[in-house]
Number of protein chains: 2
Amino acid sequence: MKYYIGIDLGGTNIKGAVVSETGEILRQSSCPTRAEAGAAAVTESIANMINDLAAGREITGVGMGCPGTVDDAGGTVVYACNLGWMHYDVRAALREKTGFSVRLVNDANAAALAEVKAGCAKGAQSAVVVTLGTGVGGGVVLDGKLLTGYSGAASELGHMVIVADGEPCACGRRGCFEAYASATALIRMTKAAMEKHPESAMHSIAAENGGVDGRTAFLAQQQGDAAGSAVVGEYVHYLSIGVANIVNIFFPEVVAVSGGVSNQGENLLAPLRQAVSQQEYGAAYTTRHPRILRCILGNDAGVIGAALFAEE
Amino acid sequence: MKYYIGIDLGGTNIKGAVVSETGEILRQSSCPTRAEAGAAAVTESIANMINDLAAGREITGVGMGCPGTVDDAGGTVVYACNLGWMHYDVRAALREKTGFSVRLVNDANAAALAEVKAGCAKGAQSAVVVTLGTGVGGGVVLDGKLLTGYSGAASELGHMVIVADGEPCACGRRGCFEAYASATALIRMTKAAMEKHPESAMHSIAAENGGVDGRTAFLAQQQGDAAGSAVVGEYVHYLSIGVANIVNIFFPEVVAVSGGVSNQGENLLAPLRQAVSQQEYGAAYTTRHPRILRCILGNDAGVIGAALFAEE
């Protein structure tokens with residue numbers, strides 16, 4: 001059995017783990033990122049974590065998931081907004097302090113790889129993971145390999161326009177999938193419906209839970225609230241358009257959703273499957289339809305995926 | 001030098017060629033498809049063409065581009081609407097008559113592969129070909145390999161929704177890229193503008209050319225016609241949304257357009273490049289931008305791609 005170290009470099013915390021080639025976590029570690037201390041200090045923290053995790057065990061390789069755009073070929077973080085890093089040669093810095101030549105991967109891509117190698121899509125020929133959080137991220141794994149483009153960039157599924165000239169997106173485009181399927185978008189839809197429907201149960205639900213969040217409309221729907229149901233319907237409609245686009249572009253074996261909104265489980269997945277199946281191109285002529293699943297590795301996906309990326 | 005036979009099976013004609021491993025055509029052949037005579041008769045015509053083309057030359061392999069959905073692993077045409085074929089084991093039938101185990105590929109995919117191996121995107125690490133014809137088809141080539149999904153289906157880029165709840169598409173969805181970027185869509189936009197603008201030069205241009213077609217608005221624009229310019233602007237706007245989606249999903253080295261509308265050349269490509277560059281995710285942080293090109297192999301792309309698919 002081979003062992004790898006996976007690092008998940010986030011804006012708030014650095015997490016690390018020793019991971020077996022089958023995706024099992026043997027040891028974990030975590031520390032605050034303290035990005036404001038600068039790249040050298042953050043790199044020092046990462047190097048210390050790697051050296052601690054590696055102590056007394058043979059480690060075959062190290063991978064690190066980073067936010068933003070990475071260049072694994074060149075060994076640099078090209079741009080990571082919430083770390084304030086630009087064109088930073090983190091591989092050289094870590095090699096000097098650990099002896100390892102650390103492989104670099106986008107953090108959302110690492111999580112997607114983990115789900116395919118050791119999670120909900122294990123064994124699938126191809127899978128697309130869609131993360132429904134503050135934004136919409138994701139990763140595409142084809143024949144066991146992450147899809148990265150000519151620029152080394154990860155697939156930016158959230159920045160596929162599904163509503164031409166629609167809601168403005170942080171990326172500068174209008175009508176992105178992210179602007180309709182993120183938790184942020186769901187909250188926007190919920191608030192708009194609450195304004196129109198003072199009678200809706202969403203008001204009392206939000207008050208009880210300390211404000212409107214991604215659960216408000218789903219909870220209202222479960223109480224039989226018409227306005228809440230309509231919000232869920234609207235959200236699933238747009239989510240299904242983006243997922244069906246992914247299906248028609250990749251025809252993957254699995255589409256897996258993760259992130260806060262995916263915690264709704266079958267309340268989300270059942271209507272989503274129904275809506276996507278009606279939009280799948282050529283569905284009548286094949287028995288091989290994509291399975292729409294929920295990710296299962298949760299917060300561990302980042303370190304597991306980073307470790308298994310080092311295996312590639 | 002190795003030689004392959006490529007067959008391009010269309011609804012109207014069957015074309016065949018002997019193609020070198022570098023994509024050069026050495027000999028060509030063509031005959032009517034006569035789909036109405038049935039699958040066995042069409043297969044007989046294909047087999048005769050293969051045997052004629054193979055005579056006196058060592059052929060390493062044979063590939064065939066087919067309309068619709070093919071299953072290369074199983075050797076069958078799963079569904080080809082304009083041939084009336086469904087789950088037809090064409091490989092077994094052709095093996096019996098020619099001795100070759102013919103590789104099967106979707107025809108639009110074959111054309112895309114040809115452009116990457118021997119055409120406008122030669123040498124590119126990755127490329128996406130978008131065909132702007134009656135519909136919108138295409139193919140995705142990553143690291144020299146065609147992207148086909150779990151079901152064996154080709155990437156259906158034309159059936160990616162870019163306008164949620166927009167114009168109805170033949171596939172059953174609403175607002176597909178095809179419904180906004182095909183020649184058919186361009187003609188619809190042209191006719192709508194002509195109705196609103198009786199003063200437009202598009203009326204006389206259409207009358208001179210025997211009717212409205214994909215060139216009408218472009219010709220009017222070249223004469224300084226405002227309504228014609230607006231139609232071209234509207235068409236390029238939607239085309240750029242779909243192309244920018246493709247860029248943000250694949251970050252390919254090349255996006256190449258083919259089909260009738262691509263004959264507009266720089267009149268189409270220059271504004272398209274401008275519009276796409278503004279929608280490319282993370283463009284500010286990379287110098288590796290996709291090149292947007294026009295395909296160069298024309299009608300030969302089908303046989304060349306089919307032949308080179310046999311090389312895979």
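About the cut-offs
Residues numbered from 1 in each chain as written. Chains lettered and ligands numbered in written order. Predicted model: local features only at pLDDT ≥ 70, side-chain atom pairs only at ≥ 80, totals over all residues. Heavy atoms only, no water. Disulfide = S-S within 2.5 Å. Helix = DSSP H or I, 4+ residues; strand = E, 2+ residues; numbered from the N terminus. Expected span 1.5 Å × (residues − 1). Buried < 20%, exposed > 50% of the residue type's maximum accessible area, 1.4 Å probe, protein only. Pairing = 2+ DSSP bridges. Axes fitted to C-alpha atoms, helices over the stretch in contact; angles between N-to-C directions. Contact = heavy atoms within 4.5 Å. Buried area = accessible area lost by both parts, 1.4 Å probe. Salt bridge = Lys/Arg side-chain N within 4 Å of Asp/Glu carboxyl O. Polar contact = N/O pair within 3.5 Å; in protein donor to acceptor, adjacent residues only side chain to side chain.

Undergrad: Explain the state of the cysteines here, please?
TA: Considering all chains together, one arrives at zero disulfides over all chains under this definition. Free cysteine: Cys-295 of chain A, not disulfide-bonded; nearest cysteine sulfur from Cys-120 of chain A at 4.4 Å.

Undergrad: Sorry, what's going on with helix H5 (residues 183-196) of chain A here?
TA: Residues spaced three or four apart along an α-helix face the same direction, because each turn holds 3.6 residues. Across its 14 residues, H5 of chain A extends 20 Å between first and last C-alpha, which sits within 8% of the 20 Å expected from 1.5 Å per residue. Listing the buried residues of H5 of chain A in full gives Ala-183, Ala-185, Leu-186, Met-189, Thr-190, Ala-193 and Met-194 of chain A.

Undergrad: Whenever I open this one, the sheet that holds strand E4 (residues 61-66) of chain B confuses me. Can you help?
TA: In a beta sheet, neighbouring strands are held together by backbone hydrogen bonds and run either parallel or antiparallel to one another. Residue and element names in this part refer to chain B. Strand order in the open sheet formed by five strands is E3-E2-E1-E4-E8, with mixed pairing between adjacent strands. Looking along the sheet, the strands with just one partner apiece sit at the ends: strand E3 (25-32) and strand E8 (103-106). When the angles between neighbouring strand axes are averaged without regard to direction, this sheet yields 20°. With seven bridges joining them, strand E2 (residues 13-20) and E3 adopt antiparallel strand pairing. In the strand pairing of E3, Asn-13 is matched with Pro-32. Strands in contact with helix H3 (residues 107-118) are strand E1 (3-9), E4 and E8; relative to E8, the strand with the most contacts, it is inclined by about 95°.

Undergrad: What is the right way to read the interface of chain A and chain B from this model?
TA: As a measure of interface size, the accessible area lost when the parts come together is often cited. Counting residues at the interface gives 46 residues for chain A and 46 residues for chain B. With both chains or domains summed, chain A and chain B bury close to 3,900 Å², and 59% of this area falls on carbon and sulfur atoms. For the chain A face of the interface with chain B, the top three residues by lost area are Tyr-150, Arg-173 and Tyr-285 of chain A, together amounting to 21%. Summed over the shared surface of chain A and chain B, the result is zero salt bridges. Viewed at the interface, chain B and chain A are joined by 22 residue pairs in polar contact (both at pLDDT 80 or more).

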